[in-house]
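What follows is each chain in one-letter form.
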Amino acid sequence: MSGRLELWLFVLQRLTAMLLAPLVLLHLATIIYAVRGGLTAAEILGRTRGSLLWGGLYGLFVLAAALHGAIGLRIVLREMAPINRRGSDLLAVVFLLLALLLGFRAVGALT
Amino acid sequence: MSALESLDGGEIAVAIWRGAATGRFETYRVPQRANQTVLDVVTYVQRVLDPTLSYRFACRVGVCGSCAMTVNGEPRWTCRTHVSRVCSDGRLEIAPLANLPVIKDLAADLAPFFDQWAAAKGRFTPTRTKAEPLAAVRPDSPARQAVDAGIECIGCAVCHAACDVVAWNPDYLGPAPLNRAWTLVNDVRDGDRLGHLAAVAVDAGCHACHSHQSCASHCPVGLNPTRSIVGLKRAVFVAALRGEL
């Protein structure tokens, strides 16, 4: 059973990577565009407030990053940290929930 | 001219591991010869200086994969490693292969390595009997080219000894068994493609590889198991999404 879980976590990590690649590029391009002529909170909020597109994109970004990071962190902990499997699984879930909480809180504040 | 060639006719100080899991390096002085291999050095020590030294070899020409050892810290096939290539200061250190139990001296126990071949289902599953005609396989087909790229493995376990993931996780199937699995996945004559994929899509299977490429940089016959493992990851990914696994 553990093999099937590993398989699907791998598939999920690959799928989230495919989402993250264009989203990171979009994010970088937006940063470069946004800082032209100074950066203000009002300008950013003016772009993102009430925008379903930006809210949706960054919501997707948060979801993909949280899943992708948690799956990777679980493996890093398993290979590098002196804790057992349950410990690494638990820490990865804590990381996932924390990233989702903080991420969606930020998305909520922007939109 | 290397420092060693200048010693031609002189001696090499060879530190050789004696013992098993615990032991020590003992130093022997071996005459320098032209075109001497590391295996020649070990053989000289065993035949002339200390007949109790244990090591393993068979073909002496890079075919059988028996004589791999750790030479100056790196896994190598000793029969085709010239001393002049690895020893620049007149000193050699020879130890058994890493990541494997040591039986005695330079002889490592390869059972865990071959157990992983079995676990990775590195067995051909025939689809025809000998009564049927031979399968026609185009040499230039992409699948056959992928097989050809990985098929020449001699099973020496150098990649197993070089792999960081094997060192971290003894359950990891390892570069050579996964490379073997990839050749079978691409073999159009094999009847159990999904069985091979299922065997490597396990907890410590192809997904555990970090692509450090230590296997590829140490493989004595120039194979690239990392590339094969990447192929397996991709094939497993597609098969999983298609609901085949």
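These numbers come from a predicted model, not from an experiment.

Criteria and thresholds
- Here the residue numbering is sequential within each chain, running from 1 through the sequence in written order.
- All chains are assigned letters beginning with A, and all ligands numbers beginning with 1, in the order in which they are written.
- Local features in a predicted model are, by the rule used here, given only for residues with pLDDT of at least 70; side-chain atom pairs are given and counted only at 80 or more, and totals for whole chains, interfaces and linings are based on all residues.
- Where side-chain values are given, they derive from all heavy atoms of the structure, hydrogens and water being excluded.
- By definition, any uninterrupted DSSP run of H or I lasting at least four residues is a helix, any uninterrupted run of E lasting at least two residues is a strand, and each is numbered from the N terminus.
- Each residue gets one of three labels from its accessible area relative to the maximum for its type: buried under 20%, exposed over 50%, partly exposed in between, using a 1.4 Å probe on protein chains only.
- Contact between two residues is taken to exist if any of their heavy atoms lie within 4.5 Å; hydrogens are not considered.
- All accessibility values rest on the Shrake-Rupley procedure with a 1.4 Å probe; residue burial counts only the protein chains present in the view.
- Here the globule rule is a power law, 2.2 Å times the number of residues to the power 0.38, and the radius of gyration is based on C-alpha atoms.
- Scored from 0 to 100, pLDDT records how confident the predictor is in each individual residue.
- Basic side-chain nitrogens of Lys or Arg form a salt bridge, by our definition, when they fall within 4 Å of a carboxyl oxygen of Asp or Glu.
- Ring pairs shown here join Phe, Tyr and Trp side chains whose ring centres sit within 6.5 Å, with only the six-membered ring taken for Trp; geometry is labelled stacked below 30 degrees between planes, edge-to-face above 60, and tilted in between.
- Nonpolar core, defined: a set of buried Ala, Val, Leu, Ile, Met, Phe, Trp, Tyr and Cys residues in which side-chain atoms within 4.5 Å join the residues together.

A. Focus on the overall build of chain B. When you go through chain B residue by residue, the secondary structure sums to 10 helices and seven strands. The C-alpha extent of chain B, read off along each of the three principal axes, is 65 × 35 × 35 Å. Every one of the 245 residues in chain B was classed for burial, and the buried ones make up 48%. Put simply, of all contacts in chain B between residues at least 6 apart along the chain, 64% involve residues at least 24 apart. Summed over all atoms, the accessible surface of chain B reaches about 11600 Å², with 51% contributed by carbon and sulfur.

B. Just the overall build of chain A, in detail. Along its length, chain A carries four helices and zero strands. Its C-alpha atoms give chain A a radius of gyration of 17 Å, clearly above 13 Å, the size a compact globule of 111 residues would have. Considered along the principal axes of its C-alpha atoms, chain A spans approximately 50 × 25 × 20 Å. Out of the 111 residues in chain A, the part that is buried amounts to 31%.

C. How the structure looks around the confidence of the model for chain B. Residues and elements named next belong to chain B. Of all residues in chain B, 96% attain a pLDDT of 70 or more, and the chain-wide mean is 94. Contacts of residues 1-7 to residues separated by more than four positions or lying in other chains number 10 contacts, the stretch itself having pLDDT below 50. Confidence metrics for the complex model read pTM 0.88 and ipTM 0.80.

D. The arrangement of the pattern of salt bridges in detail. Counted by the stated rule, this structure contains 15 salt bridges over all chains. Note that R29 of chain B and E11 of chain B form a salt bridge whose closest N and O atoms lie 2.9 Å from each other. Of this pair, R29 of chain B sits in strand β2 (residues 23-31) while E11 of chain B sits in strand β1 (residues 11-19); the two residues are 18 residues apart in sequence, bridging distant segments of the chain. We note a salt bridge from K121 of chain B to D192 of chain B, for which the minimum N-O separation is 2.9 Å. You can see K121 of chain B sitting in the loop between α3 (111-119) and α4 (142-150) and its partner D192 of chain B sitting in the loop between α7 (175-185) and α8 (193-200), a full 71 residues away along the chain. Among the charged side chains, a salt-bridge network with shared partners connects E6, R74, R78, R85 and D89 of chain A together with D203 of chain B.

E. Spatial organisation of the packing of aromatic side chains. Residue and element names in this part refer to chain A. In the structure shown here, the tally under the stated rule is seven aromatic pairs over all chains. Note on W54 and Y58: the rings are 6.0 Å apart at their centroids and 25° apart in plane angle, and the pair reads as stacked. With a gap of four residues between them, W54 and Y58 both fall in helix α3 (residues 52-80), about one helical turn apart. Classification of W54 by relative accessible area gives buried; the value is 16%. Through pairs of rings, three or more aromatic residues link up here, namely W54, Y58 and F61.

F. Structural view of the nonpolar core. Counting residues in each nonpolar core, the largest one holds 28 residues, and the members touching the most others are Y172, L178, L197, V200, L232 and V236 of chain B. Every element with two or more residues in this core is listed here: α1 (2-34) of chain A together with α6 (164-168), α7, α8 and α10 (225-241) of chain B. Apart from residues no more than four positions distant in its own chain, L197 of chain B is found in contact with V185, L232, A235, V236, A239 and L245 of chain B. Of all hydrophobic cores here, the second largest spans 24 residues; its members include L39, L53, C67 and A95 of chain B.

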